[in-house]
Amino acid sequence: MSPLIQLAAEEAENPLVPPIPELVIGLIAFVIVFGFLAKKLLPNINKVLEERREAIEGGMEKAVAAQTEAQSVLEQYKAQLAEARHEAARLRQEATEQGTALIQEMRAEGQRQREEIIAAGHAQIEADRKAAAHSLRQDVGKLATDLAGKLVGESLEDHARQSRTIDRFLGELEEKAEAVR
């Protein structure tokens, strides 16, 4: 066979190349299916994609808004915390000052009470000393008059005389004591 006839025969039998009428029918069916999909399915797909895009963008806007709000709340919290710390420091300072003032008041009160106690003690000591001196003067006077009466041999029971003698004797003793100092 001639090569040309053989080539034509092979073309007719080639399974990869479809016959022309099948090719036209397939092309028309493809355009119909493509047109149907473009008219019915593609708008729905675009609508769903648009809704998803809007949801994503809305979610991002909400996230940005929430982040902005969280940032402002954080700033408010930090400001309140700083104010609370400042207030606590002020209260501590006031408490320290009040404590210092109270301590000073208590020391002053203690000092005043101590001075009162010391003054009362001195007054009591002075009163006791005077009472003891008076009692001692009487006892010494009585002993002196008894002794003088025994020495003189007469009774010195006269109270006026006894008082003068006692006063003179004690006066002499006091003069001697002052001269020694």
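You'll find the structure just up there.
Below is a short write-up of the structure.

Rules of the game
- Residues numbered from 1 in each chain as written.
- Predicted model: local features only at pLDDT ≥ 70, side-chain atom pairs only at ≥ 80, totals over all residues.
- Heavy atoms only, no water.
- Helix = DSSP H or I, 4+ residues; strand = E, 2+ residues; numbered from the N terminus.
- Buried < 20%, exposed > 50% of the residue type's maximum accessible area, 1.4 Å probe, protein only.
- Areas by Shrake-Rupley, 256 points an atom, 1.4 Å probe, with all protein chains shown as cover.
- Phe/Tyr/Trp six-rings, centres within 6.5 Å; stacked < 30°, edge-to-face > 60°.
- Patch = residues over 30% accessible without salt bridge, like charges linked within 9 Å, V, L, I, M, F, W, Y side chains within 5 Å.
- Salt bridge = Lys/Arg side-chain N within 4 Å of Asp/Glu carboxyl O.

On to the overall build of the chain, then. Each helix and strand in the chain was counted, giving three helices and zero strands. Taken across its 181 residues, the chain has 4% of its residues classed as buried. Of the accessible surface of the chain, which amounts to about 16,000 Å², a share of 63% is contributed by carbon and sulfur atoms.

On to the packing of aromatic side chains, then. Enumeration according to the criterion identifies one aromatic pair in this entry. Arranged with centres 6.1 Å apart and planes meeting at 20 degrees, the rings of F30 and F34 form a pair that is stacked. Of the two residues, F30 and F34 both sit in helix α2 (residues 20–152), four residues apart, roughly one turn of that helix. Here F34 falls in the exposed class, since its relative accessible area comes to 53%.

Taken together, V33, F36, L37, L41, L42, I45 and L49 make up a surface patch of nonpolar side chains, about 620 Å² in accessible area. Tracing the backbone shows F36 in helix α2. Residue classification places F36 among the exposed residues on the basis of a relative accessible area of 52%.

On to the pattern of salt bridges, then. This model, assessed by the stated rule, comprises eight salt bridges. Taking the shortest distance from any N to any O, the salt bridge between R112 and E116 comes out at 2.2 Å. Separated by four residues within a single helix, R112 and E116 lie in helix α2, roughly one turn from each other. The partly exposed category is assigned to E116, whose relative accessible area is 46%. Of the charged contacts in the structure, one is a salt bridge between R129 and E126, with a shortest N-O distance of 2.6 Å. Of this pair, R129 and E126 both sit in helix α2, separated by three residues, roughly a single helical turn. The exposure class of R129 is partly exposed, given its relative accessible area of 47%. Via salt bridges that share partners, E50, R53 and E57 belong to a single interconnected network.

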